[in-house]
Amino acid sequence: MQLEHTYLSLSDKFYSEQKPITTTRPNIIYFNNKLADELGISQSEEELLSMLAGNDITDGMRPFAQAYAGHQFGHFTMLGDGRAIMLGELVSPEGKRYDIQLKGSGRTPYSRGGDGRATLYSMLREYLISEAMHHLGIPTSRSLAVVTTGDNVRRQVPHDGAVLTRVASSHIRVGTFEFAARFTGIPGLRELLHYTVKRHDPDLADLPEGEKAAKLLKRVCERQAELVTHWMRVGFIHGVMNTDNTGLAGETFDYGPCAFMNEYDLKTVFSSIDSFGRYSFGNQPRIMQWNMAVFASALMPLMSENTETAKEIAEGIVDDFANVFTKKWEQMLVSKIGFTVAESSTNQLAEELLDWMSEHNADYINTFRILSTDKIPENSVYDSDSFKNWKTKWFSELEKRNISKKDAFSRMKSVNPAFIPRNHIVENALESAANDKNLDPLNILLKKLQNPYPKECSLDELQEVPKNFDETYQTFCGT
Ligand code: AMP
Ligand code: MG
């Protein structure tokens, strides 16, 4: 694999060269052949095993850990790759540059008290959810492989250790800019800005610095508003939207305590550490705007020498995030009920449906799929006057716009998944893989999630969530 290291052209404050720890008995559990093809990787999984386990660091490879900071639950902290090591960048046959990173490959200078390791369970979880997100059409980091190390990882009890190979457009995050603003002074911040723009927004490269910084902020706000809209479309809860987990490329990454909402409720939280619901389903747009404000303050010194002017520019862009998001949200929401144009009557109709779902604890995913079949499941919450009345109103709105049911239903099936990684199915599959060494349930799930938007899907095929499952379900930060 021919890897490049453009990141190492930044000043050395931004990284520490660090080799992965060698593993004694590496064994490949998953290898993503499709992704390998897309990346133009020609070696087989056997040929790559040693590298994917972190054992084969050849000449010319310069592995390193990235330095970054971040606001975790609102508090600034110095962080950095504590259990991830970048092998380098791979340029795909289409000319796109990707980071190739090992996660769980040992300690780095940024490990603080941690062991730099990862459990098989959590790396399989990342593999599964990131691949599911990709097939749902949501920008995300990808997973190339999961390798068990043969070594135990100690948590409360011993677990099998594993290394995930993560592929992402980059790992530059809001926290990388916070690090630069705090610890490298203007020259470092400037270097990082120019590097980031060259990598993600090369069309801005020739702009004067102030304009470049402002336009980058605007672009990242756009990408993040788009990303959160996707999350809201499929009921995804990231769970730990700290600024160090907010990437500038606009990809979902760092799959720790993430989960999917079943019953529609804006307050849904599954993460064991999120006691106040900061990162609840419905709070995600607001939190992303908060993260963008943190990004803006890091960039401000480059926007203008005049602090007041810089503040005005930055505030204007961050304030506009709310409008940008609302437009995307409304467009997405009306498409979920078959309309092409978001206007006050379609928006209101969609909002009424959400209110109905919230009042009747209806399943977010299944409700939209049921609507696109024009059938009412017997003895269900849908078999009610309130739901049928809403449907009548909906059909008359479609008719007013000359949208046939057939067109509406087919549009709806392309944005409303029938299958998502339902928490109870995910847990069952992961437990059986990590505890019982039985990969069958995980393989079945991975296969199913490759086609989340089937054109045909009967009501019986929809995923049923066990009663009261959500009430006790908890997710944990993926260590
Ligand atoms: P995360 O919650 O995965 O975004 O991680 C937050 C910070 O903790 C990052 O700096 C990670 O590198 C670090 N970290 C998480 N788990 C470990 C671990 N097992 N060993 C060392 N550092 C870790
Ligand atoms: Mg992280």
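Residues numbered from 1 in each chain as written. Chains lettered and ligands numbered in written order. Predicted model: local features only at pLDDT ≥ 70, side-chain atom pairs only at ≥ 80, totals over all residues. Heavy atoms only, no water.

1. Concerning the coordination of the magnesium ion (ligand 2)
Protein coordination at the magnesium ion (ligand 2) comes from N245 (OD1) and D254 (OD), with a distance range of 1.7 to 2.2 Å. Its relative accessible area of 17% is what places D254 among the buried residues. (Donors = N, O, S within 2.8 Å, 3.2 Å for Na, K, Ca; no water. Buried < 20%, exposed > 50% of the residue type's maximum accessible area, 1.4 Å probe, protein only.)

2. Points about the site of ligand 1
In the neighbourhood of ligand 1, 18 residues make up the surrounding shell, with G80, G82, R112, G116 and D254 lying closest. A distance of 2.7 Å separates an oxygen atom of ligand 1 from a polar atom in the backbone of G80. Between an oxygen atom of ligand 1 and a side-chain N or O atom of R112, the distance comes to 3.0 Å. Among the residues forming the shell around ligand 1, the class breakdown is two nonpolar, eight polar and eight charged. (Near = heavy atom within 4 Å. Polar contact = N/O pair within 3.5 Å; in protein donor to acceptor, adjacent residues only side chain to side chain. Nonpolar A, V, L, I, M, F, W, Y, C, P; charged D, E, K, R; others polar.)

3. Examining the domain arrangement of the protein
Under the domain assignment, the protein is made up of domain 1 (6-168) and domain 2 (337-415). Each of domain 1 and domain 2 has a C-alpha centre, and the two are 42 Å apart. (Domains from an automatic or database assignment.)

4. Focus on the nonpolar core
Counting 124 residues, the largest nonpolar core has F177, I337 and W394 as its most contacted members. Among the elements that line this core, the one with the most residues is helix α6 (residues 209-234), at 12 residues. Excluding anything up to four places from it in sequence, I337 contacts T346, L349, A350, L353, F368, L371, W390, W394, L398 and M412. In terms of nonpolar packing, the next biggest core, distinct from the first, is built from 22 residues, A36, L39, L90 and Y98 among them. (Core = buried A, V, L, I, M, F, W, Y, C linked by side-chain atoms within 4.5 Å. Helix = DSSP H or I, 4+ residues; strand = E, 2+ residues; numbered from the N terminus. Contact = heavy atoms within 4.5 Å.)

5. Section: the side chain of Q66
The topology assignment puts Q66 in strand β3 (residues 64-66). Setting aside residues up to four positions removed in sequence, Q66 forms contacts with Y7, F14, Y15, G80, D81, M86, D99, Y110, H171 and R173.

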